[in-house]
Amino acid sequence: LEVTDASIISYQTGNITAVFDGQAHLPEITVAEPATGANIFYGSEEGSYPSQTPIGDFTHVGTTEVFFQISAPGYQTTEDSVSVTIEPKDLSDPDITISGIDPDGYSYTGNEITPAVALEYKGMALQETADYTLSYTDHIAAGTAQITITAVDGSDYTGSRTVSFTIHPSDFFSASITPSYGTYG
C-alpha cells in the first residue's frame, strides 16, 4: 500500500480596504493550482461554509471577516479568511454635492434663515440626522452666514464641511409707511 499526500491548493487573495462609495467590495480569491475544478465556499465563521458567494456587508462602513474553503478532487482542502474594510467617505470630498442654497442669497427678515440643504453622493441622497447634521451660524443679521455639515458617528461618512450664504440688508427705502391719525389724550 502506497500512501501519497494530496497536492496543495495554490491561491491568491488579500485583505481589501476601500472608501465608502455605495458599491459592494467583494473579496477576490484566485485559485492558481489546480487550474480547473476548484470550488470555493464561504461562511461568516470558521468551519462553516454554506454559500458559494461571500457572506457579509461589503458596502457599508466597517470590517467584515470572510471565511472560505477551497476544495478540489485530488487536493488537500484549504481554509482561510480575508477581511474587507470599508472606511467612511469624508464630507469635504467635492464628489459630495450640496444643493438648496440660493446663490443669489437671502433678504434680511429679522428671523433665522435656515436654507433646506440636501446632500448627494453618486446619485445617493444622504439623509439628515442619519448621515449628517446641520448647524447654522450668523444666520439672522445681514452679512455672511454659515452652515456646518457634520457627519453622524456610525454613518458611512466622516468629517465636516462648512458652506456660506449671503443675507442681504433689507431695502428700508422700499418700505411703505401708512400714517394713522387719531385722537390721543
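Given the structure is predicted, the values throughout are model-derived calculations rather than measurements.

Caption draft 1: The arrangement of the overall build of the protein in detail. Summing up its helical and strand segments, the protein has 0 helices and 17 strands in all. Relative to its length of 185 residues, the protein is extended, with a C-alpha radius of gyration of 30 Å against a globular reference of 16 Å. In the protein, 52% of the contacts between residues at least 6 apart in sequence involve partners at least 24 apart. On the protein, roughly 11,600 Å² of surface is accessible, and the fraction owed to carbon and sulfur atoms is 47%.

Caption draft 2: Spotlight on the sheet that holds strand β3 (residues 16–19). The strand order β3-β8-β6-β5 describes an open sheet built from 4 strands, whose pairing is mixed. Two strands lie at the open edges of the sheet, namely β3 and β5 (39–43), each paired on one side alone. Taken over all neighbouring pairs, the strand axes of this sheet differ in orientation by 25° on average, direction set aside.

Caption draft 3: Structural detail: unusual backbone geometry. Following E33, the chain continues into P34 via a peptide bond in cis, with omega recorded as 10°. Among the structural elements, P34 can be located in the loop between β4 (30–33) and β5. In the Ramachandran plot, K122 falls in the positive-phi region, its phi being about 50° despite a non-glycine side chain. Positionally, K122 belongs in the loop between β12 (118–121) and β13 (124–125).

Caption draft 4: Representation of the environment of Y108 in the model. In this fold, Y108 is placed in the loop between β11 (106–107) and β12. In the structure, Y108 is positioned 61 residues away from P169 in sequence and 5.3 Å away in space, judged by C-alpha atoms. With residues near it in sequence (within four places) discarded, Y108 still touches I140, A141, A142, I167, H168, P169 and S170.

Caption draft 5: Quick look at the packing of aromatic side chains. Counted under the stated rule, the structure contains 4 aromatic pairs. For the ring pair Y106 and F165, a centre distance of 5.5 Å and an interplane angle of 85° mean the geometry is edge-to-face. With Y106 in strand β11 and F165 in strand β17 (residues 160–168), the pair connects residues that are 59 residues apart, well separated along the chain. The pair Y106 / F165 is uniform in exposure class, with both members buried. Within the aromatic cluster, the residues linked to one another by ring pairs are F20, Y121 and Y157.

Caption draft 6: Looking closely at the nonpolar core. Residues L91, L119, I149 and Y157 are the most contacted members of the largest nonpolar core, which totals 34 residues. Counting residues per element, the ones that place at least two in this core are β3, β5, β6 (62–71), β8 (78–87), β12, β14 (132–137), β15 (143–151) and β17. Broken down by element, the residue count for this core peaks at 4 residues, all from β15.

Caption draft 7: Structural detail: the side chain of H25. Looking at the element boundaries, H25 is found in the loop between β3 and β4. Only 3.1 Å separates the side chain of H25 from the side chain of D21, close enough to count as a polar contact. Apart from the residues lying within four places of it in its own chain, the contact partners of H25 are I16, A18, V19, F58, V84 and I86.

Caption draft 8: Layout of the sheet that holds β13. Here 3 strands make up an open sheet; going across it, the order is β10-β12-β13 and the pairing antiparallel. Of all strands in the sheet, those with a lone pairing partner are β10 (96–99) and β13, marking the two edges. Inspection of the sheet shows β10 paired to β12 by 4 bridges, in the antiparallel sense. Among the inter-strand pairings, I98 is bridged to a residue of β12, identified as L119.

The rules behind the values
- Residues numbered from 1 in each chain as written.
- Predicted model: local features only at pLDDT ≥ 70, side-chain atom pairs only at ≥ 80, totals over all residues.
- Heavy atoms only, no water.
- Helix = DSSP H or I, 4+ residues; strand = E, 2+ residues; numbered from the N terminus.
- Rg over C-alpha atoms; globule rule 2.2 N^0.38 Å.
- Contact = heavy atoms within 4.5 Å.
- Areas by Shrake-Rupley, 256 points an atom, 1.4 Å probe, with all protein chains shown as cover.
- Pairing = 2+ DSSP bridges.
- Axes fitted to C-alpha atoms, helices over the stretch in contact; angles between N-to-C directions.
- Phe/Tyr/Trp six-rings, centres within 6.5 Å; stacked < 30°, edge-to-face > 60°.
- Buried < 20%, exposed > 50% of the residue type's maximum accessible area, 1.4 Å probe, protein only.
- Core = buried A, V, L, I, M, F, W, Y, C linked by side-chain atoms within 4.5 Å.
- Polar contact = N/O pair within 3.5 Å; in protein donor to acceptor, adjacent residues only side chain to side chain.

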